[in-house]
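Residues per chain, in single letters:
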Number of protein chains: 2
Amino acid sequence: MLDAALEIISEQGVAALTMDKLVARVPYSKGTVYNHFSGKEDLLVALCNSSMQSLLELFQRVLTFNGLSRHKMLAICFAYMLFAKLYPRKFMLVITAKIPAVSEKCSSRRQAEHQELDETLLGVAFEVIREALEAGELTLPESRLPEQVAFSVWAMCFGTIALLSEDIEQCSARSELLMEQEVISHSNIVLDGLGWQPDAAQSDMNEVVNRFKQELFAEEIEKLGYQGRSLKL
Amino acid sequence: MLDAALEIISEQGVAALTMDKLVARVPYSKGTVYNHFSGKEDLLVALCNSSMQSLLELFQRVLTFNGLSRHKMLAICFAYMLFAKLYPRKFMLVITAKIPAVSEKCSSRRQAEHQELDETLLGVAFEVIREALEAGELTLPESRLPEQVAFSVWAMCFGTIALLSEDIEQCSARSELLMEQEVISHSNIVLDGLGWQPDAAQSDMNEVVNRFKQELFAEEIEKLGYQGRSLKL
DNA sequence: CGTAACTTTGACGAATCGTCACTAAAGAGC
DNA sequence: GCTCTTTAGTGACGATTCGTCAAAGTTACG
């Protein structure tokens, strides 16, 4: 059901998604569809939630990475970007689910589910932060809580990807590499700003990034079909 | 016309905005309304653009501020947040205008107008960056362009505000001060990460923030009605 | 005035939404 | 095997919203 909805969105855009079209593609009737989703907006949020589930899988893969905490955090940021590039429409759904025009009209159950997923995602980042604090690679002033650190990184990645995704539809050629560069660069700026050791200048970023590209996301990157091009920082 | 649309949104939410309702509130007929806006989405983007115009005014006010370049940049970030808190619905419109469901369906003329406004806003930040470079308060590695610096700051502010605005509707009490804290704190993290002098630890942030609150935004802050509470960093 | 160019109107058809009285199937009790 | 209950599924239908367009109104100007 969700798959059919995604198909329609891929083919004709979100604006063209109607319940009637969905019903036509699915071996159920309108009534049944409405038993699962209270309306179009509810469907969109459900779609977004299932997307976040796949993002979560990418995130969790980072926890198995054998490396410094800072580089793990960087890998999480990279994973976020990878997700946005692999499934630009899914990423857009994540933004879509946040605007009132949609969230106002969706069922509270699904809204709660969405909130929970958000927190689970943050939880993965939090895990890495805890590790960094224990290892002494990150030291926080009293006034800054670990939760705030996770939020800082998240806000930067979200902002960067969201702003760059706007016009990704057409000019993908231009912005394809750009997004990767900017997300890595912005993440490093934030991590440097937080004083997370070792700072960007001390590591060979190309090497680090290439390592987790190969070790964690080789399959996804191949799917994207841009593995040949190198990353310039 | 735009005012009437905003009224409806304030009273009943974006989802409840219909062309029929707008027509009922306005001394024109449907046809005339459709002469100005190609459809609902076009109206939303127009609304967003007019909001960005008022944001631009806040930004430009910062250029008159007598202080270090870093503190000016901080004031721009603050202005962005102030705007989001003064007119949460308008800020939401800025996000709304970015999602494909809306931008897909709006006229290209208005889309171009939107793009241009975006760039004008970035231009203000760019002005401050140029000043910082000239004063030697900011030094960039070869690989980082001034435009990218503007984008970094913008992405961070946008991400922070967007993520915190999600649920501002209900629990404004909790998140009211929080947003101010987080935006200032996140901006400082980015500016530190960029190596923009003098770094956060070297200035009395409370003093700086209070200064531009009084000198630039006294009126707006009064309107918000929270001028009594102090900012804890 | 008269005519042409432009603006405004609102009734209308098309598209979309979401409901609800009804049917079908599955399982429980006897 | 029969009936009753429960649950899942149906799709025609009324209501809402959208966007159009031919006709009516307005202005500009010789």
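Refer to the structure printed above.
Thresholds, definitions, all that
Residues numbered from 1 in each chain as written. Chains lettered and ligands numbered in written order. Predicted model: local features only at pLDDT ≥ 70, side-chain atom pairs only at ≥ 80, totals over all residues. Heavy atoms only, no water. Helix = DSSP H or I, 4+ residues; strand = E, 2+ residues; numbered from the N terminus. Buried < 20%, exposed > 50% of the residue type's maximum accessible area, 1.4 Å probe, protein only. Expected span 1.5 Å × (residues − 1). Contact = heavy atoms within 4.5 Å. Near = heavy atom within 4 Å. Polar contact = N/O pair within 3.5 Å; in protein donor to acceptor, adjacent residues only side chain to side chain. Phe/Tyr/Trp six-rings, centres within 6.5 Å; stacked < 30°, edge-to-face > 60°. Lys NZ or Arg CZ within 6 Å of the ring centre and 35° of its normal. Disulfide = S-S within 2.5 Å.

Comments concerning the overall build of chain A
Phase 1 of the analysis: Within chain A, the regular secondary structure consists of 11 helices and 0 strands.
Phase 2 of the analysis: Along the chain direction, N to C, the helices and strands of chain A fall in the order α-α-α-α-α-α-α-α-α-α-α.
Phase 3 of the analysis: Projected onto its principal axes, the C-alpha coordinates of chain A cover approximately 60 × 40 × 25 Å.
Phase 4 of the analysis: For chain A, the proportion of its 233 residues judged to be buried stands at 55%.

Brief notes about helix α8 (residues 108-135) of chain B
Residue and element names in this part refer to chain B.
Phase 1 of the analysis: The terminal C-alpha atoms of α8, which comprises 28 residues, lie 40 Å apart, in line with the 40 Å expected from a rise of 1.5 Å per residue.
Phase 2 of the analysis: Listed in full, the buried residues belonging to α8 are R110, H114, L117, D118, L121, V124, A125, V128, I129 and A132.
Phase 3 of the analysis: For α8, the secondary structure elements touched by its buried residues are α3 (30-36), α4 (40-63), α5 (69-86) and α9 (146-165).
Phase 4 of the analysis: Phi for G136, located one or two positions after α8, is positive at around 75°.

Focus: the protein's contact with DNA strand C
Phase 1 of the analysis: Around DNA strand C there are 14 residues in total, and M19(A), K30(A), Y34(A), S29(B) and T32(B) lie nearest to it.
Phase 2 of the analysis: The share of sugar and phosphate among atoms of DNA strand C within 4 Å of the protein is 59%.
Phase 3 of the analysis: The side chain of K30(A) places a nitrogen or oxygen atom 2.8 Å from a base oxygen of DNA strand C.
Phase 4 of the analysis: With respect to DNA strand C, the backbone of S29(B) contributes an N or O atom lying 2.7 Å from a phosphate oxygen.
Phase 5 of the analysis: For the surface near DNA strand C, the secondary-structure elements that each account for two or more residues are α2 (19-25) and α3 (30-36) of chain A together with α3 of chain B.
Phase 6 of the analysis: The leading source of residues in the surface near DNA strand C is α3(B), at 4 residues.

Things to note about the packing of aromatic side chains
Phase 1 of the analysis: Per the counting criterion, the structure on display carries 16 aromatic pairs over all chains.
Phase 2 of the analysis: Between F151(A) and W154(A), the ring centres sit 6.3 Å apart and the planes meet at 70°, which makes this aromatic pair edge-to-face. On the criterion of helical spacing, the pair formed by F151(A) and W154(A) is a turn pair, its members being 3 residues apart in helix α9 (residues 146-165). Here F151(A) matches W154(A) in class, with each residue buried.
Phase 3 of the analysis: Judged by centre distance (6.1 Å) and plane angle (90°), the ring pair of F59(B) and Y80(B) falls under edge-to-face. Of the two residues, F59(B) sits in helix α4 while Y80(B) sits in helix α5, which places them 21 residues apart along the sequence. Each member of the pair, F59(B) together with Y80(B), is buried.
Phase 4 of the analysis: One aromatic cluster is present, formed by F59(A), Y80(A), F91(A) and F158(A) through successive ring pairs.
Phase 5 of the analysis: One cation-aromatic arrangement involves K90(B) over Y87(B); the distance from NZ or CZ to the ring centre is 4.4 Å.

Some remarks on α9(B)
Phase 1 of the analysis: Here α9(B) contains 20 residues, and its C-alpha end-to-end distance of 29 Å stays within 8% of the 28 Å for a straight helix at 1.5 Å per residue.
Phase 2 of the analysis: Within α9(B), 18 of the 20 residues are buried, which leaves the element mostly enclosed by the surrounding structure.

So, the state of the cysteines
Phase 1 of the analysis: In total, this model carries 0 disulfides over all chains according to the counting rule given.
Phase 2 of the analysis: Here C157(A) stays unpaired: no disulfide links it, and the sulfur of C77(A), its closest cysteine neighbor, is 3.2 Å away.
Phase 3 of the analysis: Distance from the sulfur of C106(B), which forms no disulfide, to the nearest cysteine sulfur (C48(B)) is 9.6 Å.
Phase 4 of the analysis: Overall, the relative accessible area of 10% leaves C106(B) in the buried class.

Without other data, these values stay purely geometric and don't point to any function.
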